[in-house]
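Examination of the molecular architecture
Here are the chains, one letter per residue:
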Amino acid sequence: MSPQCHKLYLFLDGELGPVDEENFRHHLARCETCAAGLHEALQLEMLSLHALRDVNAPALAPAEELDFDAPAPMAREPASRRPRLRALSRRGWAVGVGAAVLAAGLAAFFVFAPASPDVSQEVWLAQAPTRLLEARVAYPRADGHRPYTPMRGGPEAPSTAPPLPLRELADLEDAGDLHGIAAAYLVRKDLRQASDFLQRSPPSADRDSDLAVVALEQGHHEEALALLEGVLRREPEHPQALWNRALVLREMGLTLLAAEAFDAVAKRGEPGWSEEARIRARALRQETQARGRAWKAALAAVRDLMVDGQARLPLEEARQYPGIVRLAFYDAVRAAPSRAQALRLLPLAEVLDGVQGGDVLRGYVRQVAERDFGRRAPLARDYARLVRGELREPRAFVEALHRSGEEDLYLGALVLVSPTSEDAARRREAFTRLAGTGQDPWLVLVAERELATQEEHEGQWWKAEARLKAALEACQGRGLAFRCATLKKRLADLYLALNRPAEAFEQAWSGWQSSRKLGEWELEQQFLQELAHIARYRLDVTAARAYLRESLARTPEVCEQRTYVHRNLAYLSWLDFDPRGARQELEQALECGQPPGLPGALLLSYLARFGSGAHDADLLRRTLSELRRGQPTPGEQVQLAFAEGQFILEQDRAAGRELLRGAIQQADALPDDVDARKTRMGAYSVLVNDAGRRGGAGEVLALVGAALRMDVPERCVLGVAVDYERSVVAVRGPEGELLGHFDAGRVAPLGRDASGLVPASLQAALRGCERVDVLALPPVHGLTGLLPADLAWSYRVGRATPAASPRPGGRHLVVTGVEAPASLGLPRLAPLEPPSVPDPHRLELSGARATPSRVLEAMADASEVELHAHGAYSPEMSDASLVVLAPEEDGREAA
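These numbers come from a predicted model, not from an experiment.

Some thoughts on the state of the cysteines
Note on terminology: disulfide describes a covalent bond linking the sulfur atoms of two cysteines. The tally for this structure, following the rule as stated, stands at 3 disulfides. Two residues, Cys475 and Cys484, share a disulfide whose sulfurs are 1.8 Å apart. Between Cys475 and Cys484, the S-S dihedral sits near -95°, and the bridge is therefore left-handed. Given the relative accessible area of 11%, Cys484 is considered buried. What pairs with Cys716 in a disulfide is Cys769, and their sulfur atoms sit 2.1 Å apart. Handedness of the Cys716-Cys769 disulfide follows from its S-S torsion of about -95°: it is left-handed.

Here's what the structure looks like:
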């Protein structure tokens, strides 16, 4: 039991100081013991209430009954929404006190409680002694400071506030004060009505601040943050938005960022609000930093085992942080140079076994102690150097371990040393053997993760997904919770690569919450960066910045962390159309003296279009040289060629174009590489806009056609591409006449509507066409509004080559009633009805027979193909959508 647990009843009685009270709230959110105690206390209060009703029912007013008649189970509510039971004295909770005494205590409370204000005059509860809403309402008469009292029973519980006076609401509506009406509902937490009136109110910073409050109360934290950041961009000192932003950041778990936000409120010196903000900031900072210090101390204790044979065994740390201690325990056993040193770890194994159950780790220690240390000791010492990063030839050491027969050392080294393409089969065999033993569930999960990673690299993403999901379903117990969280991160990475950001976020958010509950500081860092990556993928720059800045606030002293965060913040500034901010962040990323890596090289090439000097050229040259020496993947080599070509293009057009065309040729040789395919389209986009900048409308159309791998029509065609601030449009009119337009003044990314992208003069040139073919590069392709509704136009996709003439007697292939893999959770599609007229050429594949190999084989000599199946999208497999078919024997379901 934590020492904080002894403060539960002081918290319930309101006897803790402000900072201690706020600290206890954060403890309560993660402590099952205190949550259970709170639940029991509330149940006791409910029983006393019923007793009081039986004894003296007339003494209770309806509003008072409503206050205490909320649902009882509170253990799962967030700390900020749990009730503070100040009604009873501490005597009321003692075991053995009769219901009559407890009822008398409650009666005394009701007698001496402040009288309810005149509700007919208090539309916004301005004179209430406490506030029900933690957030601030941006309506002056609703924004007075009072202490915050959470509602009982969570957001679904009925409000304890007096009812709204209808006459005053009617007067407000007559006066057109819709925001005032919204505020009256908002302070009572009637979110539906508040949102409705806010949506009808005129746009303003105050309205958006209150809409953010609605989103916050509904749990839509990232939406709330985006609204508040928009308000603060317009009005940096908006008092309510500053306060509410701090609340949103806290609810997102970004506690140090929330503390900074509360500090900004405290500096304003507003009566009541500033003091509350100061208390909240101090509590958040203290609690977060205390967790970080405790975890780092545990990590240092387990690391000592690797360098000091007489180091203290971290037994208490193993009970508090079983994940990080168990992770290091395996390395400590592997690095033990003697039987005595291995057996010395038995007490630590016993504690860790006690957390999870069983005796796996004690058995492992005894097994290692029986090894021949005459042969094992030198390998164990080298293994310790490998863990500490001191071994010069790690790959040679892995080979030596493979021949040694020391299986546990070999498997540990395989996890630590990055694989090469040559040893893929050997790694698969080793981890498959480990996963098949089933002896140690921790190591089995490690093997499943490594096998899934290998399957993904080989393009078998469906196998990797199934393996990770099965491993997570089998992951049970507190002793394995750390490993379960790492599997969630791996699955989130996979989903993001498969263009499934919603599922990636679900796994990452779950892993982030698990890591916070476990107190695993480093895992929290990893999930913060994972959430930032997902937000960036969704182009949610605001949320991505918040996750990254919280990550940096937690480890500002780590140079690699500063480089990583500022480099990514630079890219986010670029996405936000802020090249100057991107330049500033990139400069901060370079302050540690570490290379900017591939992301930095790409960003330097983008920034070159806004000017660059000798410093940038030297930095890019050094960065590219270092990356090429590091054995990049084929797809990364394409990206390096693109970065160099885009940078050089701004100084030497001919040389830059040659490099970009070389990148395209490299990408064309790698049709299955995701990085190569994306870079190919990016290189074409740069070339297209360069041609448009120089007035080459014909060249623009030719390049767009080459990018899309299709022939360009001779008439009635529109080519369009957008590359950041640049956009280019080229047309061939009804007589084949060429016109073009180039613009380099874009200041915001494209939305979902492309209206205005094609100038009126070019639209007029297409008026004589019966139909217009549009050839558009991403991100324009598929957007609405590109041309007026009175023009017939459509996007062209696929190759524009003449279709092959149907062969006489060619088959009519029909794929129907496909049995999609159950793991995808897709609804079953009923088979098609048989044709009313016999079709002698019809070949039907249905059910489990509709596998990719059978469908492809049948398509080879089919003149007509009908596919009635679910679609999916995976950039790992193709730039186009996929068809979900029945699984092959190896589990593959997409063709």
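Examining helix H24 (residues 461-474)
Under the 1.5 Å per step criterion, the end-to-end length of H24 is 20 Å for 14 residues, consistent within 8% with the ideal 20 Å. Buried within H24 we find Trp461, Trp462, Ala464, Glu465, Leu468, Ala471 and Leu472. Contacts made by the buried residues of H24 are with helix H23 (441-457), helix H25 (481-497) and helix H26 (501-518).

Details of the packing of H25 against H26
Packed helix pairs are specified by the crossing angle of their axes together with the interaxial distance, meaning the distance between the axes. Packing of H25 against H26 brings their axes to within 8 Å, and their N-to-C directions diverge by 160°. As far as their axial angle goes, H26 and H25 are roughly antiparallel. Considering how the two elements wind past one another, H25 and H26 form a crossing that is left-handed. Contact with H25, carried on its side by Ala481, Phe482, Ala485, Lys488, Leu491, Ala492, Tyr495 and Leu496, involves Pro501, Glu503, Ala504, Gln507, Ala508, Ser510, Gly511, Ser514, Ser515 and Leu518 of H26 and no other residues of that element. Among the residues forming the contact of H25 with H26, the class breakdown is 11 nonpolar, 5 polar and 2 charged.

Some thoughts on a nonpolar patch on the surface
Where nonpolar side chains cluster on the molecular surface, the patch consists of Leu856, Met859, Val865 and Leu867 and spans about 330 Å² of accessible area. For the nonpolar patch, the elements supplying multiple residues, two or more each, are helix H38 (852-859) and strand E8 (862-867). Tracing the backbone shows Leu867 in strand E8.

Focus on the pairing of strand E3 (residues 738-743)
Bridge count for strand E2 (residues 726-732) against E3 is 6 bridges, and the pairing is antiparallel. Bridging from a neighbouring strand, Ala730 pairs with Gly740 of E3. Remark: 5 residues form the turn of the hairpin made by E2 and E3, two consecutive strands paired antiparallel; Gly736 in that turn has positive phi of roughly 85°.

A few points about the side chain of Asn244
As for its placement among the helices and strands, Asn244 is situated in helix H11 (residues 239-251). Under the relative-accessibility criterion, Asn244 is labelled buried at 1%. At 2.8 Å, the side chain of Asn244 and the backbone nitrogen of Arg136 are in polar contact. The contact partners of Asn244, leaving out residues within four places of it in the chain, are Ala135, Arg136, Ser209, Val213 and Leu228.

What about the nonpolar core?
In terms of nonpolar packing, the biggest core is built from 132 residues, with Leu254, Phe329 and Tyr547 touching the most fellow members. Excluding residues that lie within four positions of it along the chain, Phe329 makes contacts with Leu345, Leu348, Ala349, Leu352, Leu361, Tyr364 and Val365. Among the nonpolar cores identified, the runner-up in size contains 50 residues, and Leu607, Leu619, Met681 and Leu708 belong to it.

Quick word on the sheet that holds E8
Strand order in the open sheet formed by 3 strands is E7-E6-E8, with parallel pairing between adjacent strands. Two strands in the sheet have a free side with no partner beyond their single neighbour: strand E7 (842-847) and E8. Neighbour to neighbour, the strand axes of the sheet diverge by 15° on average, direction disregarded. Relative to strand E6 (residues 811-818), H38 is tilted by about 160°, and along the sheet it contacts E6, E7 and E8.

Comments concerning the sheet that holds E2
The mixed open sheet is built from 5 strands, whose spatial order is E3-E2-E1-E4-E5. The two strands at the open ends of the sheet, each matched to only one other strand, are E3 and strand E5 (793-795). With strand direction ignored, the average angle separating the axes of adjacent strands in the sheet is 15°. Docked against the sheet, helix H35 (residues 674-693) engages strand E1 (717-723), E2 and E3, running at close to 110° with respect to E1. Sitting on the sheet, helix H36 (residues 697-708) is in contact with E1, E2, E3 and strand E4 (772-776), with an inclination near 100° to E2.

Conventions adopted
- Residues numbered from 1 in each chain as written.
- Predicted model: local features only at pLDDT ≥ 70, side-chain atom pairs only at ≥ 80, totals over all residues.
- Heavy atoms only, no water.
- Disulfide = S-S within 2.5 Å.
- Buried < 20%, exposed > 50% of the residue type's maximum accessible area, 1.4 Å probe, protein only.
- Helix = DSSP H or I, 4+ residues; strand = E, 2+ residues; numbered from the N terminus.
- Expected span 1.5 Å × (residues − 1).
- Contact = heavy atoms within 4.5 Å.
- Axes fitted to C-alpha atoms, helices over the stretch in contact; angles between N-to-C directions.
- Parallel < 35°, antiparallel > 145°, perpendicular 65-115°, else oblique.
- Left-handed = near helix turned anticlockwise from the far one by under 90°.
- Nonpolar A, V, L, I, M, F, W, Y, C, P; charged D, E, K, R; others polar.
- Patch = residues over 30% accessible without salt bridge, like charges linked within 9 Å, V, L, I, M, F, W, Y side chains within 5 Å.
- Areas by Shrake-Rupley, 256 points an atom, 1.4 Å probe, with all protein chains shown as cover.
- Salt bridge = Lys/Arg side-chain N within 4 Å of Asp/Glu carboxyl O.
- Pairing = 2+ DSSP bridges.
- Polar contact = N/O pair within 3.5 Å; in protein donor to acceptor, adjacent residues only side chain to side chain.
- Core = buried A, V, L, I, M, F, W, Y, C linked by side-chain atoms within 4.5 Å.

Purely spatial values, then, with no claim about function.
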